[in-house]
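Each chain, letter by letter, is given below.
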Amino acid sequence: MGKGNSAGKGNASQRFMRATGKLRVIFGPANRSSLVHDMTEENRALLVQRERETQQWETVTRADGSTYVVPRNPEDQSLR
């Protein structure tokens, strides 16, 4: 009984795509702005801040292939 109903509806990812598709019909596309425009001063300052934040970290790869992020200088607390 339960198995027959779920087979017609598809798996969880298919149900999710159908649900979000219905939302896109109602609310429209997620982003309608142009991709070609000048950066504002606020965005430029935010980009500089984000670049500084990423420079204080480094990615370490383990022998099994997994990666994790560690501070380059553990004593530096300037951006944390």
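Here goes a summary of the coordinates provided. As the structure is a computational prediction, the values presented were derived from the model and not from experiment.

Along the protein, the regular secondary structure elements total 3 helices and 2 strands. Listed N to C, the secondary structure of the protein is α-α-α-β-β in terms of helices and strands. Every one of the 80 residues in the protein was classed for burial, and the buried ones make up 5%. Long-range pairs, those at least 24 residues apart, make up 8% of the contacts in the protein with a sequence separation of at least 6. Of the accessible surface of the protein, which amounts to about 7,400 Å², a share of 56% is contributed by carbon and sulfur atoms.

Right, let's get into the pairing of strand β1 (residues 57-61). As judged from the 5 bridges shared by β1 and strand β2 (residues 67-71), these two strands associate in the antiparallel manner. Each residue of the ladder has a partner; that of Thr 59, found in β2, is Val 69. Here β1 hands over to β2 after 5 residues, with Gly 65 in that stretch at a positive phi of 100°.

Another point: helix α2 (residues 12-27). Across its 16 residues, α2 extends 22 Å between first and last C-alpha, which sits within 8% of the 22 Å expected from 1.5 Å per residue. Positive phi appears at Gly 28, one or two residues downstream of α2, with a value of about 85°.

Moving on, we get to a positive patch on the surface. A grouping of Lys 9, Arg 15, Arg 18 and Lys 22 is seen on the molecular surface, where their side chains present a positively charged patch. Here the positive patch takes 3 residues from α2, the largest share from any one element.

On to the pattern of salt bridges, then. Going through the model one piece at a time under the given rule, you end up with 2 salt bridges. Between Glu 41 and Arg 44 there is a salt bridge, and its shortest N-O distance comes to 2.7 Å. Linking Glu 41 with Arg 44, this pair stays in helix α3 (residues 41-55), spanning 3 residues, or about one helical turn.

Turning our eyes to something else, we now look at the environment of Asp 76. Secondary-structure assignment places Asp 76 in the segment after β2. Along the backbone, Asp 76 and Gln 56 are 20 residues apart, and their C-alpha atoms lie at a distance of 8.4 Å.

Criteria and thresholds
- Residues numbered from 1 in each chain as written.
- Predicted model: local features only at pLDDT ≥ 70, side-chain atom pairs only at ≥ 80, totals over all residues.
- Heavy atoms only, no water.
- Helix = DSSP H or I, 4+ residues; strand = E, 2+ residues; numbered from the N terminus.
- Buried < 20%, exposed > 50% of the residue type's maximum accessible area, 1.4 Å probe, protein only.
- Contact = heavy atoms within 4.5 Å.
- Areas by Shrake-Rupley, 256 points an atom, 1.4 Å probe, with all protein chains shown as cover.
- Pairing = 2+ DSSP bridges.
- Expected span 1.5 Å × (residues − 1).
- Patch = residues over 30% accessible without salt bridge, like charges linked within 9 Å, V, L, I, M, F, W, Y side chains within 5 Å.
- Salt bridge = Lys/Arg side-chain N within 4 Å of Asp/Glu carboxyl O.
- Lys, Arg positive; Asp, Glu negative; His and termini not counted.
- Charge placed at Lys NZ, Arg CZ, Asp CG, Glu CD.

Keep in mind these values describe shape, not function.
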